[in-house]
Amino acid sequence: MDLLPAETSQIAKRHGFRSLKLVNVDMDQPLGEKPFGVEYGVLENGLRYYVRSNSKPKMRAALALAVKAGSVLEEEDERGVAHIVEHLAFSATKKYTNHDIVKFLESIGAEFGACQNAVTSSDDTVYELFVPVDKPELLSQAISVLAEFSTEVRVSTDDLEKERGAVMEEYRGNRNANGRMQDAHWILMMEGSKYADRLPIGLEKVIRTVPPEIVKQFYRKWYHLHNMAVIAVGDFSDTQSVVELIRTHFGPKSLAHDPLPIPHFPVPSHEEPRFSCFVESEAAGSAVMISYKMSVDELKTVKDYKDLLTESMFLYALNQRLFKISRRKDPPFFSCSAAADVLVRPVKAYMITSSCKEKGTIEALESMLIEVARIRLHGFSEREISIVRALLMSEVESAYLERDQMQSTSLRDEYLQHFLRNEPVVGIEYEAQLQKTILPQISALEVSKYSEKLRTSCSCVIKTMEPWATATVDNLKAVVSKISSLEEEQSISPWDDEHIPEEIVSNKPNPGNIVQQLEFSNIEVTELILSNGMRVCYKRTDFFDDQVLFTGFSYGGLSELPESEYFSCSMGSTIAGEIGVFGYKPSVLMDMLAGKRAEVGTKVGAYMRTFSGDCSPSDLETALQLVYQLFTTDVKPGEEEVKIVMQMAEEAVHAQERDPYTAFANRVRELNYGNSYFFRPIRISDIQKVDPLKACQYFNSCFKDPSTFTVVIVGNIDPSIAGPLILQYLGGIPNPPEPVLHFNRDDLRGLPFTFPATVIREVVRSPMVEAQCSVQLCFPVELQNETMMQEIHFVGFLSKLLETKIMQVLRFKHGQIYSAGVSVFLGGNKPSRIGDIRGDISINFSCDPDISSMLVDIALDEILHLQKEGCSDEDVSAVLEIEQRAHENGLQENYYWLDRILRSYQSRVYFGDVGMSFEVQDEGRSKVREMLTPSTAQSALQRILPFPCKKQYTVVILMPRASPVKLLTSLFQSTHNSYSRKAKILAGVAGVTVFALTLWRYSRRSNKS
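Each value, and the rule that gives it
- Residues numbered from 1 in each chain as written.
- Predicted model: local features only at pLDDT ≥ 70, side-chain atom pairs only at ≥ 80, totals over all residues.
- Heavy atoms only, no water.
- Buried < 20%, exposed > 50% of the residue type's maximum accessible area, 1.4 Å probe, protein only.
- Helix = DSSP H or I, 4+ residues; strand = E, 2+ residues; numbered from the N terminus.
- Pairing = 2+ DSSP bridges.
- Disulfide = S-S within 2.5 Å.
- Axes fitted to C-alpha atoms, helices over the stretch in contact; angles between N-to-C directions.
- Contact = heavy atoms within 4.5 Å.
- Core = buried A, V, L, I, M, F, W, Y, C linked by side-chain atoms within 4.5 Å.
- 1 Å grid on protein atoms, 1.4 Å probe; cavity = no way out; pocket = protein on both sides within 12 Å on 5 of 7 lines; lining within 4 Å.
- Points joined across faces, edges and corners; volume = space filled by probe spheres on them.
- Nonpolar A, V, L, I, M, F, W, Y, C, P; charged D, E, K, R; others polar.
- Parallel < 35°, antiparallel > 145°, perpendicular 65-115°, else oblique.
- Left-handed = near helix turned anticlockwise from the far one by under 90°.

Caption draft 1: Highlighting the pairing of strand 10 (residues 347-356). The element strand 10 is extensively covered by neighbouring structure, given that ten of its ten residues are classed as buried. Residues Val347, Ala349, Met351, Thr353 and Ser355 line one face of strand 10 and the alternating positions Lys348, Tyr350, Ile352, Ser354 and Cys356 line the opposite face, and both faces are buried. Where strand 8 (residues 286-295) lies against strand 10, ten bridges are found, and the strand directions are antiparallel. Bridged to Ser295 within strand 10 is Val347. One ladder, built from nine bridges, connects strand 9 (residues 335-344) with strand 10; its direction is antiparallel. Bridging across to strand 10, Val342 finds its partner in Lys348. Connecting strand 9 to the antiparallel partner strand 10 that follows it, the hairpin turn spans two residues.

Caption draft 2: Broad picture of the pairing of strand 11 (residues 460-466). By the criterion of burial, strand 11 is predominantly enclosed, with seven of the seven residues buried. Burial along strand 11 is two-sided: the residues Cys460, Ile462, Thr464 and Glu466 and Val461, Lys463 and Met465 are all buried. Where strand 7 (residues 274-280) lies against strand 11, six bridges are found, and the strand directions are parallel. By the bridge assignment, Phe275 is partnered in strand 11 with Ile462. Where strand 8 meets strand 11, six bridges bridge the pair, whose relative direction is antiparallel.

Caption draft 3: Layout of the state of the cysteines. What the rule picks out here adds up to zero disulfides. Left unpaired, Cys277 is separated from the closest cysteine sulfur, that of Cys356, by 12 Å. Here Cys696 is not disulfide-linked; the sulfur of Cys569 is the nearest cysteine sulfur, at 10 Å. For Cys696, a relative accessible area of 0% gives the class buried.

Caption draft 4: Representation of the sheet that holds strand 15 (residues 548-555) in the model. As summarised here, the arrangement of the seven strands in space is 12-13-14-18-15-17-16, forming an open sheet in which the pairing is mixed. The open sheet has two free edges, formed respectively by strand 12 (514-520) and strand 16 (598-604), since each of these has just one partner strand. The average undirected angle you get between the axes of adjacent strands in this sheet is 15°. Seen against the sheet, helix 25 (residues 719-730) touches strand 12, strand 13 (525-530), strand 14 (535-540) and strand 18 (710-715) and runs at an angle of roughly 160° to strand 14.

Caption draft 5: Main features of the nonpolar core. Core analysis: the largest hydrophobic core is formed by 95 residues, its most contacted members being Met534, Ile575, Phe611, Phe631, Phe703, Ile713 and Leu730. A total of eight residues in this core trace back to one element, the largest contributor, which is helix 20 (residues 620-632). Discounting residues that sit within four places of it in the chain, Ile575 has contacts with Val642, Val645, Met646, Val690, Pro692, Ala695 and Cys696. Of all hydrophobic cores here, the second largest spans 80 residues; its members include Val67, Tyr96, Phe130 and Phe149.

Caption draft 6: Expanded view of empty space enclosed by the protein. If you walk through the whole model with that rule in mind, you get three cavities of 30 Å³ or more. There is about 50 Å³ of room inside the largest cavity. In terms of lining residues, the largest cavity is bounded by Ala317, Gln320, Arg321, Lys324, Arg383, Glu384, Ile387 and Asp591. Sort the elements by how many residues they give to the lining of the largest cavity and helix 10 (residues 302-326) lands first, with four residues. Class assignment for the residues of the lining of the largest cavity results in two nonpolar, one polar and five charged.

Caption draft 7: Structural view of the packing of helix 2 (residues 81-91) against helix 5 (residues 157-174). Contact geometry of helix 2 with helix 5 gives a least axis separation of 10 Å together with a crossing angle of 120°. Here helix 2 is positioned oblique relative to helix 5, judged by the angle of their axes. Considering the relative orientation of helix 2 and helix 5, their crossing is right-handed. Every residue of helix 5 that contacts helix 2 at His83, Ile84, His87, Leu88 and Ser91 is listed here: Asp159, Leu160, Glu163, Ala166, Val167 and Glu170. In the contact of helix 2 with helix 5, the residues fall into five nonpolar, three polar and three charged.

If you want it as structure tokens, here you go:
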């Protein structure tokens, strides 16, 4: 293996960016209407096309058909029809019937959902395919599918009836707490425009009863080639041949009549702010959202581009302040962030969202408004802007370095925005030159002036969301009035910045040395044993010029703890993370890392402790310094940090108690794994017993002894540069006086879990605002130790086979579900190299509550049929093709190689030779692929699942406790009757979910059929 760096290495490339010439900036210079780097044109029938050759990934193409027709074009009796058309496209066309498009695409390795998808938004509909092109005919066939979508979608009574159930299930899935809040905010934002009444999912009545004539009418009226574009980006030998394929499949299509112009639907502005206090009994927490609407800015000249950069700098700087406020003593919110996005074609919005404690929405709103007012009065400091400038410069530098390694899907999305939003595509080289030239010219004053756009007189919408009412509209108005008065009186003090240290590691450690070096040529990796006992394995790749990934792991985790210590120690990562595991508070470290692309995170699991990092090759030293700090920092609990974490954790537990799906998940876990302290949900009483000192002490011990860790590094590393850094910051980690958390992987304490020996079917009834139903069907799995390497791969193939067949029967045949998932859980087993492995395979889907038991029986019948009669050759071929295509894509990704090398170290066959372990696993995959036939698949289903499957399984069904009509009146209310709609709940703390909120462009992404 050649370890010497090539002459034109990463350093030369980075110097290439840093020596990139500045451009003479004429602010009035147009950015150019024609997109850069692509064959762009218009067919005689009006269809636009974009074709670009790009080899990332190899032998793949990202395709799209974009249609400027969305839900805003619907008439009252068509509400939901744009989305129905999108569904029907995958169901039946002139050439394909009965979801044959899905079957064809899967037969060539384009997995359902991941590689064939579509999205309907208010303004447009986009169909996306990601297909292999290693055979000449595949690209032509894929383009012919897009051509079918454009003019040949079939809308018969039978087609429509088959698809209603799937669309209805998608509609029902949206009617949860998140969906109701999203819809509510949407209507509030769009009030006075047609957009307010044209949510893409539509109306239940229309979904259930719309006749095929109405659907055909919409399709014929708006699906015109003048309103469409085809985008093809992929590993093409030449682009002209692809243009000819587009011409072949789309060229003969002509217009039946002149296309109607796409109407413009304005969204009225308003000087007076709108207020709403939304109460949602199932909400995951309390939140505040402030939105400022404005017309979409044109991006046509260099000045427009400078304005866009200034806006980005403003949002970055504001977010840095909001993060620091969330880490102060008694913070007004748990999290808060600002963003800008185009909501619909004519309107964009700045949005500031926060999650806060119960009864804390007024305090959170006040803090959010004060911070914007503070910027208007005092502006950002030069230091704040220099940090933001460094961040943006680092981002564009990374993009420039990887300009030849952009994913085809990313380039496809750029051309989609060019067609749909008239966004210019100027090429990363020119964009990097522009940013490098313009960023230093943008002053703190220019950035600060953007706060003028965030006034409550600028079409402002203020909304609180709570599980029960504590805030009123009058409260919100009073806060706005109060902050306005403070700003007028200039009674808001300037921002007080924290002191930021210069160096992450103040005293550089003495480097360690290499005790042993091994080369494993079969997988092109080098393994080092360092003088402190740490094992480091690195693999040099050229997949991405600006990416290095690493993970370190050590055996022994939470399973070794007695119950009395478990809950305290399980909170260790969270408490330590709030204090700062790298020797600095998170708010300080954020500024220290400005302009660098380096991040490191930690995890303490049942059987392992891990740290993982992602960095630029030029910032590898910074990333390894963070690892050094992790091992040499003793985190000590501070009263304020602990108070914040405990408060967030308690909020999360309360949120789970309100969430119907949590009760469902808890019962599934309890039934399948028992009610031990490790698997049961955290309770308030558990949190109240947490000992912060013990939590921090345990966390410190988890990352103290380097001799127990194996570290795998994958990416664009130059060994001559990375080697000394590894020796200094990993080899320089001192060993503790006594071994800490030394465990033999074969002697770890296993988690207690036993799958029920019989059939158990249960219904979990939970209070719901609107009826939801979720089903989880589980089977026990036991894999024999002596055939483990092959059985593991059989399980993977079988899970994909089951998912495909369940979708075929429940979605395509019966039309009663939207999607189904099959997952395998083997993680409860300790990582011993001896003994059998136990786990489960689970099938989950959502459906109409009234037919849930019937669908479970249909699923069981299908699995039993597969066990008794087997599957078809086509089924096996499709599963093998999907797996092979995923494998080929993975071989071009650093994450894939990192995972495979880690699994080789953690494999049962690993006894010191990672190359051999990798090879054995690879051979296991190859053997199973060679063996897999309908007959061997049938045998594996009988061997791995209970046979017959109906003799041992569990089913848990989530059902509403009472009538949705009654619950609507008793649990669902809003203090603003004419408003409502939009906001997404995110987040997590210590394995339980904590609330955060973000506004997103309203659309429905559909895993189509």
